[in-house]
Structure formats: C-alpha cells, structure tokens
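Tertiary structure, described
One-letter residues, chain by chain:
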Amino acid sequence: MITRRHILSGVSALAGGLGLLRTRTATAAPPAGSPPLQAAGPYTPVVTPNGSTLPWVMKDGVKELRLVAEPVKREFAPGMVVDCWGYNGQTPGPTIELVEGDRVRLFVTNHLPERTSMHWHGVLLPNGMDGVAGLVQPHILPGETYVYELTLRQHGTLMYHPHSDEMVQLALGMMGFLIVHPKVPERVDRDFAIFLAEWAIPPGTSRPNPLVMLDFNTFTFNSRAWPGTDTLVVKKGDRVRVRLANLSMDSHPIHIHGHRFQVTGTDAGPIPVSARFHENTVDVPPGTTRDFELVADNPGDWPLHCHKSHHTMNAMAHDVPNMIGVEPSSADANIQKVLPGYMPMGGSGMGGMMDMGRPKNTLPMMAGKGPFGAIEMGGMFTILKVREGITTYEDPGWYQHPAGTQARKVSA
Amino acid sequence: VDKLPELPDDEVDLEHLESLAVRRRLDLEAAHEQAMAVFHALAMAKSYRWLGATPVAAVYDHAPEGFTVAGPGVGVELPLFDQKQAVIARLEGQLRAALARETALAVDIRSEVRSARSRVLAARAVVDRYARVVVPLRQRVVALTQERYDAMLLGTYQLLQAKQSEVTAYREFIEALRDYWIARADLERAAGGTVPAAAPRPPAPSPAPGASP
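A brief look at the structure comes next. It should be emphasised that the depicted structure is a prediction, and the values quoted were computed from it without experimental measurement. Numbers given for residues are sequential positions, taken from 1 along each chain in its written order. Chain letters and ligand numbers both follow the written order, the letters beginning at A and the numbers at 1. This being a predicted model, a pLDDT of at least 70 is required before a residue's local features are given, and a value of 80 or more before pairs of side-chain atoms are given or counted; all residues contribute to the totals for chains, interfaces and linings. The side-chain figures draw on all heavy atoms in the structure; neither hydrogens nor water molecules are used.

1. What to know about the overall build of chain B
Our working definition: Think of it this way: any DSSP run of H or I at least four residues long counts as a helix, any run of E at least two long counts as a strand, and we number them from the N terminus. Radius of gyration: over C-alpha atoms. The globule rule applied is 2.2 Å multiplied by the number of residues raised to the 0.38 power. Between buried and exposed lies partly exposed: a residue is buried under 20% and exposed over 50% of the maximum accessible area for its type, with that area taken using a 1.4 Å probe on protein chains only.
From N to C terminus, chain B includes 4 helices and 2 strands. Secondary structure of chain B in N-to-C order comes out as α-α-β-β-α-α. Relative to the 2.2 N^0.38 estimate, which gives 17 Å for 213 residues, the radius of gyration of chain B is 35 Å and therefore markedly larger than a compact globule would have. If one aligns the C-alpha atoms of chain B with their principal axes, the spans along those axes are about 130 × 35 × 30 Å. Scored against the burial criterion, the 213 residues of chain B give a buried share of 32%.

Here's what the structure looks like:
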C-alpha cells in the first residue's frame, strides 16, 4: 500500500480518477480564496529546485534510504564552482520524502576526510537515533556506515544534518530536507523545497571558509545563487507550497511579490488553521523550517527572494569606502594617468556596473538579464512564474504583459 | 639619454680579470720598479766591493823654496777592512722588503678584484631579481587589484596603494641598477682600467605607466 502510494505520487496529475485513493480528503480548511482541494494521489511530490529526491527501496515493510557524506563540487551559478561537502554528490543533500507512519532505515556512509554523524532535525525519535556524536552514539569514522532506524510519528518539513564538527560541516554545505507528508495530505499542486544557506567564499577561491561567523558574501537557495537558481513555474490557480529551511547563522525574511501567503507549518509540523494569517514575508530563523502556501492567482513573473538586500547580492566586499555622492573632480583624471583602466565607481550609485571584470570563479555582484534590462540581483533570488494555459512546468519564458497592465514612460 | 644602461649580458671571467689587473695596475708597476732600483743598487754594490774610493785631485802648492808645484793627484784606497758588507746587507734587506711589498700588493690587487667582482655579481643578482620577479609581481598585483576593484571588492585607495607599491618596486629596481654600475666602477678601478662589457640586453622590465625612471 505504501509502495503503491509512492509510485502513484509520481503520476498524481493523471491519477485523479483513482477512487481508491480519493476516499481520503483533506480535512484542513484552505485559506480564504483558494479553490477546492483536489485529492488526486497521496501527495504531490516535492520539487527541490536545482536538486533531487532520494529514492527509497522497500525491504520487509521498511523503507531503506542511503546517504553518502562526501566532498562535492557544486556550481553555484555559471562561472562559479564551489568545493563543498554534501550528500550523494550534491548540496543540499537529496530531499528525503516520506509519509507519516513509515518505518525507515537510513544508512549513512562517511566518505569525508573526517568523522561525522547524522542528526534528524525535528524528528520525534528514540534518543539513540538522534545522531549527536559523542552524546548518543560514536562518531562515524571515514569509511564507516551507520544505520538509523525509526518510525515517523509526525509530519512536517524536517531536516537532516551532521552533529559532529557541525561548524565546519554545515558551513561546507552538509544539509538536506527530510519531508514527512501526513497520512492524509493537504493537497497542493506544486510543492517546492528551498534550503537557505550563506557562505564565505573569498573571491577567486572555491572553498567556503567555515571560520566566518558574520561576514558572508554568498547567499543561496538550494546551494545556487541567482542567476543560477531555477525559477518556480506554476499554473494560474495552482495551490503552491514553498518549504524553506535554514541552517545558516542569519535569519532570512523570504518575500514574495504579487501574492499573499499563509505560513502553514514549521519544523514542528502544521500550524493550526485558526492561527494562520496572511503575509508577504516570512522570516526564517536559524535552525528551523517554514512552509507557506499561496494560490497563484496572479499571472506574471514574481520575484521570490530574501528581503535582506545584501542577501540578494553576490560576492561583494563590505569594507569598500562609500563613494556615493563623492565629486571626484580632477582626481579621476589623475588616477587614470597612472591606472589607464581605472573607472570611477559608485559615485552615483552602484547599479549599472554589474560586469566590468572580476576574479576567476567569482560571480558578478549583481546579475541576471530580464526582458527589459539588467535584473541587478544575486544570491537568494528566484522568480515565481505564474502562467495561464500552460501544459508543462517547463520554463515558459518571460511574461507577456497584457496591454495597459505595465508601467510606461510618460513625458511629465 | 639620462638613462642607466641595462645589465651587460655576461660578466668577465674572474681568471681573466685578475691577470688583467696584475698587468695593468700602475701601483704594482711602481712597486716593481722600486724593487728593481734596489736590485740594481745591490748589484752595483757587489760589483765594486773590492774597489775603494779613488779620489782624483788637482794639486797646486807653493813650496817654501819658492817654486810652485801644480799637477794631478790620484789616491788609491785599499778595502782591507771595509768591503761594503754593511751597504750590501742593507741593500739586500731593502730588496727583500721591496719584493715582499710587490708580492703583497699583487695579492691585495687580486683580492680587491675578487671582492669587487663579487659585489658586481651580487648587485647583478639584485637587479635581476627586481627585473624578473619583484616588478612583474607588483604589476600582477596591480592587475589583480584592478580586477577586484572592478568587481567592487576593493576601493580606490587600495587600488592606488597597489599602484604605489608597483612604482616603489620600479624605483628600487632603478636603485639596484645604479648600485650595479657603482659596483662595476669599483671593479674597473680594482682592475686598473676599463673592463670590457658584453652588449647590453634588451631593456627589462618596462617602466610602469606614470612611473618614468
């Protein structure tokens, strides 16, 4: 039954007629204004943009999953490859997707150059399965495999990450989603999982510096920085869930344009319907998850981004003298005498200087080309593309604005 | 015009320089001539050791008898007791001293040449290091700093500092080149004249813009 559910989940859009599984309908009331829920399958599979879902194998009624902790190379965006640590060749590790009530056996193999362990963040489990090295189990030494076995007694957006040399291992990208669907899912049409992370990667290098606590220079959705982040494509009217997880050392206020959402869950599970309210921005504190849901009723290209403006920039320095409003007068010409390639910078703002040249393996501070010019963003930024009449979730291109719905230049 | 010549391709062979110096140094030649003068004086003293003084005189006398005597006179000294042993010994001593001085001067000259050449080689190594390593590295630092400035990772002041360091390195290169030619002048003085130089190399490194030597 459980196996069948999983198989069906992949074809949920086609499985609407399966009466067998339709008998279970969502009981939670949707936010105001949302269309009736469609119960087409047990759950809508989670999409991890720029990531993947870990397949499981059913063995004697237990779902078996295998994670290998190992060094990985991650392209944050074209032109920048970072030497990270992760799981199964990626950071964040593959998304684990399970159902409440599942019995699971999780194998963790250590191919790192140092010892590790695996903590199941937020999971209600026996103490000995909690994965805190030294406290409840020995460290997993390089080359060793440990197995964790537990029954999921809850649902929600949980996480997995090491609990051994955490500072280094988290800073290098070892993290992943552990998503547990309820037995009776609250149906959505699109279910996205985005892991928030921040990194200190000195320009010109490829190794994140785990010793940095505050001065990060790279901010990512699923270890990708704009313009390397996948866009989120949804059909008009889709009920969309976005799951956000944060193991970084900052909070990240994630903001959506053109829509309002309700925060429906945390890493402790669903928020009671009576406690939900509409918002445009949800602050995701360190060490927690937030789910929000919205009805994509407003066609267009809508940014979804962290609202800390430095978090939507790529590599930049924070100790450059502020030149805004500085009148250089003859200084520029004098400097150009000794430095012919010198361009005065920042005197009238910093837009429009996105790609003058930079160290290798470093992203421009602001990037992205839109249909009307430079998007001037970076880091934690992506686009929710809401379209009418699409038949696939492939990238539909830029939004075509109906006449009279777009700002235009006028002679004032 | 008002520019130091570049380094010559090669330095002169040490063997050649020492013999050249010994051949050409006038102080060594003077010492040699002094020794030769003593040598000749000694030879003469030895040759005439059996000859005493032979005084030659013109005699003119009024005898009481009323006549005048006038004529030449010659005396012959017989060196029975003084055979110039003291003179010869003194001259022999002086000759040994003169020869020793000449040898010492020659040794000093060779030593001077060697140390002057070592200083030239050391100065050359410094110039070479600046030309091949320090100045190019500083130029590279400026290029990389400019790249970082362009990506807004650095400010104008840091860029100017990098340029200043490059200009300083180039000035130090010129000073090293100057020190080389001073050391070379010292070598020529030690070698007693012009030391033939090979054709100069093509100029290196190129001066930084705005940092005319």
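Read on, since the account is not over.
2. Here we look at the overall build of chain A
Formally: Note on contacts: a residue pair is in contact if any heavy atoms of the two residues lie within 4.5 Å. Accessibility throughout is a Shrake-Rupley quantity obtained with a 1.4 Å probe, and a residue counts as covered only by protein chains that appear here.
Secondary structure assignment for chain A yields 4 helices and 23 strands. Within chain A, the proportion of its 412 residues that are buried is 53%. When contacts within chain A are restricted to residue pairs at least 6 apart in sequence, those whose partners lie at least 24 apart make up 74%. On chain A, roughly 18,100 Å² of surface is accessible, and the fraction owed to carbon and sulfur atoms is 56%.

3. Quick look at helix H4 (residues 156-190) of chain B
Spelled out, the test is: Here, expected helix span is obtained from the residue count minus one, scaled by 1.5 Å.
End to end, H4 of chain B covers 51 Å across 35 residues, agreeing with the expected 51 Å (1.5 Å per residue, within 8%). One or two steps after H4 of chain B, the chain reaches Gly192 of chain B, where phi turns positive at roughly 75°.

4. With respect to the packing of aromatic side chains
Applied cut-off: Pairing of aromatic side chains requires ring centres within 6.5 Å, counting the rings of Phe and Tyr and the six-membered ring of Trp. Pairs whose planes differ by under 30 degrees are stacked, by over 60 edge-to-face, and all others tilted.
One pass over the structure, following the stated rule, counts 10 aromatic pairs over all chains. Here Tyr87 of chain A and Tyr160 of chain A contribute two aromatic rings whose centre-to-centre distance is 5.3 Å and whose plane-to-plane angle is 70°, an arrangement assigned as edge-to-face. Highlighted residues: Tyr87 of chain A in strand S3 (residues 80-87) and Tyr160 of chain A in strand S8 (residues 156-161), separated in sequence by 73 residues. Judged by relative accessible area, Tyr160 of chain A falls into the buried class, the value being 0%. On the numbers, 5.0 Å between centres and 80° between planes, the contact of Tyr180 of chain B with Trp181 of chain B is edge-to-face.

5. Focus on the environment of Arg189 of chain B
Here Arg189 of chain B shows up in helix H4. For Arg189 of chain B, a relative accessible area of 60% corresponds to the exposed category.

6. Re the interface of chain A and chain B
We apply this condition: Accessible surface is computed with a 1.4 Å probe, and the buried area is the amount of it that two parts give up when combined, taken over both parts together. What makes a salt bridge here is a side-chain nitrogen of Lys or Arg within 4 Å of a carboxyl oxygen of Asp or Glu, nothing more. Each polar contact in these results corresponds to two N or O atoms within 3.5 Å; when the atoms are within protein, one needs to be able to donate a hydrogen and the other to accept it, and residues that are neighboring in sequence are counted only if both atoms are side-chain atoms.
Listed per partner, the contact involves 26 residues of chain A and 18 residues of chain B. Summing the contributions of chain A and of chain B, the shared interface buries around 1,900 Å²; its carbon and sulfur component is 69%. Taken as a group, Val338, Leu339 and Met345 of chain A account for 26% of the area that chain A buries against chain B, more than any other trio of residues on that side. Taken together, chain A and chain B are joined by 0 salt bridges. At the junction of chain A and chain B, the tally comes to 6 residue pairs in polar contact (both at pLDDT 80 or more).

7. What to know about the sheet that holds strand S18 (residues 281-284) of chain A
Residue and element names in this part refer to chain A. Selection criterion: Strands were regarded as paired on the criterion that DSSP finds at least two bridges between them. In this analysis an axis means a line fitted to C-alpha atoms, helices contributing only their contacting stretch, and an angle means the value between N-to-C directions, from 0 to 180 degrees.
As summarised here, the arrangement of the 5 strands in space is S12-S23-S20-S14-S18, forming an open sheet in which the pairing is mixed. The open sheet terminates on both sides in strands that have one partner only, identified here as strand S12 (232-235) and S18. Mean inter-strand twist for the sheet, computed between neighbouring axes without regard to direction, equals 20°.

8. So, the sheet that holds strand S4 (residues 96-99) of chain A
Residues and elements named next belong to chain A. The strand order across the open sheet built from 4 strands is S4-S9-S8-S6, with neighbouring strands paired in mixed fashion. The two strands at the open ends of the sheet, each matched to only one other strand, are S4 and strand S6 (119-121). Pairwise comparison of adjacent strand axes, ignoring direction, gives a mean angle of 25° for this sheet.

9. Here's the deal with the packing of helix H3 (residues 85-150) of chain B against H4 of chain B
Residues and elements named next belong to chain B. So the rule is basically this: Orientation labels follow simple angle bins: below 35 degrees gives roughly parallel, above 145 gives roughly antiparallel, 65 to 115 gives roughly perpendicular, and whatever is left gives oblique. Rotating anticlockwise by less than a right angle from the far helix to the near helix defines a left-handed crossing, while the corresponding clockwise rotation defines a right-handed one. Note on residue classes: Ala, Val, Leu, Ile, Met, Phe, Trp, Tyr, Cys and Pro are nonpolar, Asp, Glu, Lys and Arg are charged, and everything else, Gly too, is polar.
Interaxial distance between H3 and H4 falls to 8 Å at its minimum, and their mutual angle equals 165°. If you check the angle between H3 and H4, you find them roughly antiparallel. For the pair H3 and H4, the sense of crossing is left-handed. For the contact of H3 with H4, the class distribution of residues is 25 nonpolar, 6 polar and 11 charged.

10. Observations concerning the pairing of strand S23 (residues 381-387) of chain A
Residues and elements named next belong to chain A. Taken across its 7 residues, S23 has 7 buried, putting it largely inside the fold. Residues Phe381, Ile383, Lys385 and Arg387 line one face of S23 and the alternating positions Thr382, Leu384 and Val386 line the opposite face, and both faces are buried. Pairing geometry for S12 and S23, over 4 bridges, is parallel. The residue bridging Lys235 from the neighbouring strand is Arg387, located in S23. Pairing between strand S20 (residues 300-306) and S23: 6 bridges, direction antiparallel. Counterpart to His305 in the pairing with S23 is Phe381.

11. Here we look at the packing of helix H1 (residues 14-24) of chain B against H3 of chain B
Residue and element names in this part refer to chain B. Contact geometry for H1 and H3: axes closest at 9 Å, N-to-C directions at 140°. By the angle between their directions, the pair H1 and H3 is classed as oblique. Crossing of H1 against H3: the hand is right-handed. The residues of H3 that touch H1, namely those facing Leu14, Leu17, Glu18, Ala21 and Val22, are Ile109, Arg110, Val113, Arg114 and Arg117. Class assignment for the residues of the contact of H1 with H3 results in 6 nonpolar, no polar and 4 charged.

12. A short note on a nonpolar patch on the surface
Here is the rule: Residues enter a patch when their relative accessible area is above 30% and they make no salt bridge; the linking distance is 9 Å between like charges and 5 Å between nonpolar side chains (Val, Leu, Ile, Met, Phe, Trp, Tyr).
A grouping of Val56, Val74, Val76, Leu78, Leu80 and Phe81 of chain B is seen on the molecular surface, where their side chains present a nonpolar patch of about 770 Å² in accessible area. Position of Leu80 of chain B among the secondary structure elements: in the loop between strand S2 (68-74) and H3.

13. Focus on the side chain of His119 of chain A
Residues and elements named next belong to chain A. Topologically, His119 is positioned in strand S6. Since its relative accessible area comes to 11%, His119 is described here as buried. In this structure the side chain of His119 is engaged in a polar contact, spanning 2.8 Å, whose partner is the backbone oxygen of Asp130. Not counting the four nearest positions on each side in its chain, His119 is found in contact with Asp130, Gly131, Met159, Tyr160, His161 and His163.

14. Considering the pattern of salt bridges
Pairing is possible between side chains of opposite charge, provided their charged atoms come close. Here the structure, examined in full by the defined rule, presents 28 salt bridges over all chains. A salt bridge links Asp179 of chain B to Arg178 of chain B; the nearest nitrogen and oxygen atoms lie 3.1 Å apart. The exposure class assigned to Arg178 of chain B is partly exposed, which follows from its relative accessible area of 42%. Bridged by salt links that share partners, the residues Asp191, Arg239, Arg241, Arg243, Asp291 and Glu293 of chain A form one connected network.

Any functional reading would require information that these geometric values do not contain.
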